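Read off the chains here:
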Amino acid sequence: MRMIYFAWLRAKIGVAEERIEPPAEIATVADLLDWLKAKGGGYGDALADLSVVRVAVNQEYVKADHPVAAGDEVALFPPITGG
Amino acid sequence: MIRVQREDFDIGAEIGALCAGNHRIGGIASFLGVVRDEAGGEAIEGMTLEHYSGMTEKELTRIEAEARRRWPLEACLIIHRYGRLEPGERIVLVVTASGHRGAALEACHFLIDWLKTKAPFWKLEETRRGEKWVDARGADDAAAARWVREPDKAAE
């Protein structure tokens, strides 16, 4: 799974993107966020308040119950502030 | 048409090129967003716009298609810059052209409101105290929400 992080999530996690291999029981976005958060360190810090974390799977905005699979591109970022 | 670029743009040249030769156009509306020199009472020396390359283009294309579905547009252009910008510099341009002013003005207003809550951009502001990621504004969500009811349905 390809992970991409933006804005302060990238700064806190410490990398812009990475490949990860979550265990088979990680089936949804919510599972993935909990699993990443449990790794602690920068992940714990970045994912401490999930109300300010937005997720895109394969470049589409999704909610916490959306499924995730091995070949997905998953992006984590704060609420957007363009324009 | 949508473009995501680091470089500046020339509004007159963009509007001219967009509408050239199409004489069905009777009204052209535009919105230009520029960098302010303050935020929340604090001086801003510059900002860096980060975006999700690939998804940004997808979302902007979708937003343009939605505007064309709702209003009879002859032409439409969205340009959004990324990278480091200083106060006074241009950030975003929306141009809409239609047979009459009503559709052009409404579609332009819709596009900038919708873009602010859908296009994946993030602003990092530089202040004297250091760099700070800008928080999303509730006012932007409220501005976008007014377009959830479509104009043709709002009258029903």
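Just above sits the structure.
Residues numbered from 1 in each chain as written. Chains lettered and ligands numbered in written order. Predicted model: local features only at pLDDT ≥ 70, side-chain atom pairs only at ≥ 80, totals over all residues. Heavy atoms only, no water.

Draft legend 1. View of the environment of Arg70(B). All names here are of chain B. Tracing the backbone through its elements, the reader meets Arg 70 in helix α2 (residues 55-70). Residues Arg 70 and Leu 60, 10 residues apart in the sequence, show an inter-C-alpha distance of 15 Å. Within the local environment of Arg 70, its side chain forms a polar contact with the backbone oxygen of Trp 147, the two atoms lying 2.6 Å apart. (Helix = DSSP H or I, 4+ residues; strand = E, 2+ residues; numbered from the N terminus. Polar contact = N/O pair within 3.5 Å; in protein donor to acceptor, adjacent residues only side chain to side chain.)

Draft legend 2. Here's a closer look at the interface of chain B and chain A. Chain B puts 25 residues into the contact, and the matching count from chain A is 19 residues. Of the roughly 1900 Å² buried between chain B and chain A, counting both surfaces, carbon and sulfur atoms make up 56%. In this assembly, chain B and chain A are joined by two salt bridges. Put simply, Arg10(A) and Glu50(B) hold a salt bridge, and the shortest N to O gap is 2.2 Å. At the junction of chain B with chain A, the criterion picks out 13 residue pairs in polar contact (both at pLDDT 80 or more). Counting residues per element, the ones that place at least two in the side of chain B that touches chain A are β5 (46-51), α2, β8 (90-98), α3 (101-118) and β9 (121-127) of chain B. (Contact = heavy atoms within 4.5 Å. Buried area = accessible area lost by both parts, 1.4 Å probe. Salt bridge = Lys/Arg side-chain N within 4 Å of Asp/Glu carboxyl O.)

Draft legend 3. The arrangement of the layout of surface pockets in detail. Looking at the largest pocket, its volume works out to about 1100 Å³. Forming the boundary of the largest pocket are 48 residues, of which Ile80(A), Thr81(A), Lys116(B), Ala136(B) and Asp140(B) lie nearest the centre. Elements supplying a minimum of two residues to the lining of the largest pocket: α2 (29-38), β3 (54-57) and β4 (60-62) of chain A together with β2 (27-34), β3 (38-39), α3, β9 and α4 (138-145) of chain B. Among the elements that take part in the lining of the largest pocket, α3(B) stands out by supplying six residues, more than any other. In terms of residue class, the lining of the largest pocket is built from 26 nonpolar, seven polar and 15 charged. (1 Å grid on protein atoms, 1.4 Å probe; cavity = no way out; pocket = protein on both sides within 12 Å on 5 of 7 lines; lining within 4 Å. Points joined across faces, edges and corners; volume = space filled by probe spheres on them. Nonpolar A, V, L, I, M, F, W, Y, C, P; charged D, E, K, R; others polar.)

Draft legend 4. How the structure looks around the packing of aromatic side chains. Taken as a whole, this structure holds 10 aromatic pairs over all chains when the rule is applied. Ring centres of Phe77(A) and Tyr52(B) lie 6.5 Å apart, and the angle between their planes is 65°; on these two criteria the pair is classed as edge-to-face. You can see Phe77(A) sitting in strand β5 (residues 73-77) and its partner Tyr52(B) sitting in the loop between β5 and α2, one on each of two chains. For the pair Phe77(A) and Tyr52(B), one class covers both residues: buried. When the ring of Trp71(B) is compared with that of Trp147(B), the centres are 5.8 Å apart and the planes differ by 75°; the resulting orientation is edge-to-face. Taken as a pair, Trp71(B) in the loop between α2 and β6 (73-81) and Trp147(B) in the loop between α4 and α5 (151-154) lie far apart in primary sequence, 76 residues in all. What makes Trp71(B) buried here is its relative accessible area of 6%. The rings of Phe6(A), Tyr61(A), Phe77(A), Tyr52(B) and Trp122(B) are connected pair by pair, giving a single aromatic cluster. Against the face of Trp114(B) rests Arg70(B), its NZ or CZ located 5.5 Å from the ring centre. Cation over ring: Lys118(B) sits above Trp114(B), and NZ or CZ is 4.6 Å from the ring centre. (Phe/Tyr/Trp six-rings, centres within 6.5 Å; stacked < 30°, edge-to-face > 60°. Buried < 20%, exposed > 50% of the residue type's maximum accessible area, 1.4 Å probe, protein only. Lys NZ or Arg CZ within 6 Å of the ring centre and 35° of its normal.)

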